[in-house]
Amino acid sequence: MATDYDAPRRDEVDLGEDSLEELKARRVDSQSGAVDVDEAEVAESFELPGADLADEELTVKVLPMQSDEFRCARCFLVHHRSQLAVERNGELICRECA
């Protein structure tokens, strides 16, 4: 249950004096009829000006594997030799996969 910490505090004596009708009225007032909106759905419909990236081409310079690197036989990622954990039957395995 949400607590309003800014509301004035009431004594135990005051709490016992609330009638059932007052409590029901407060409960109905505090419940809103608004439905929570999913932020992801709102974000999908919102378009930024000039955000059309369909014609964009990404260019990444790919370097060949260096002599001090290896490709893990399980995750197929290229790691530095310091990450080598095991070599089994010619297969190199990194520390994360070992």
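Summary of the structure given here. (Residues numbered from 1 in each chain as written. Predicted model: local features only at pLDDT ≥ 70, side-chain atom pairs only at ≥ 80, totals over all residues. Heavy atoms only, no water.)

## Considerations on the overall build of the protein
Per the secondary structure count, the protein includes 3 helices and 4 strands. The proportion of buried residues among the 98 residues of the protein is 7%. Sequence-distant contacts in the protein: of pairs separated by 6 or more residues, those separated by 24 or more amount to 6%. Working note: accessible area of the protein is about 9,600 Å², and carbon and sulfur atoms make up 51% of it. (Helix = DSSP H or I, 4+ residues; strand = E, 2+ residues; numbered from the N terminus. Buried < 20%, exposed > 50% of the residue type's maximum accessible area, 1.4 Å probe, protein only. Contact = heavy atoms within 4.5 Å. Areas by Shrake-Rupley, 256 points an atom, 1.4 Å probe, with all protein chains shown as cover.)

## Examining the environment of Arg-74
Within the secondary structure, Arg-74 is located in the loop between strand S1 (69-71) and strand S2 (78-80). Residue Arg-74 is classed as partly exposed on the basis of its relative accessible area, which comes to 44%. Separated by 24 residues in sequence, Arg-74 and Ala-98 have C-alpha atoms that sit 9.0 Å apart. Dropping the residues within four chain positions of it, Arg-74 is found in contact with Arg-88, Ile-93, Cys-97 and Ala-98. Polar side-chain contacts of Arg-74 include one of 2.9 Å to the backbone oxygen of Cys-97. (Polar contact = N/O pair within 3.5 Å; in protein donor to acceptor, adjacent residues only side chain to side chain.)

## Concerning the environment of Phe-70
As for its position among the elements, Phe-70 is in strand S1. Measuring from C-alpha to C-alpha, the distance between Phe-70 and Arg-81 comes to 6.3 Å, with 11 residues separating the pair along the chain. Ignoring anything within four residues of it in the chain, the contact list for Phe-70 reads Met-65, Leu-77, Val-78, His-79, His-80, Arg-81, Gln-83, Leu-84, Leu-92, Ile-93 and Cys-94.

## Observations concerning the side chain of His-79
Turning to its location among the elements, His-79 is positioned in strand S2. Judged by relative accessible area, which is 12%, His-79 ranks as buried. Sequence-distant contacts of His-79, defined by excluding residues within four places in its chain, comprise Asp-68, Glu-69, Phe-70, Cys-72 and Cys-94.

## Remarks on unusual backbone geometry
If a residue is not glycine, its phi is most likely negative; likewise, a peptide bond is most likely trans. Within the chain, Phe-76 stands out as a residue other than glycine whose phi angle is a positive 65°. Note on placement: Phe-76 falls in the loop between S1 and S2. Judged by relative accessible area, Phe-76 falls into the exposed class, the value being 58%. Positive phi, close to 50°, is recorded for Asn-89, a residue that is not glycine. Within the secondary structure, Asn-89 sits in the loop between strand S3 (84-88) and strand S4 (91-94).

Honestly, that's just the spatial picture; any functional story needs more than this.
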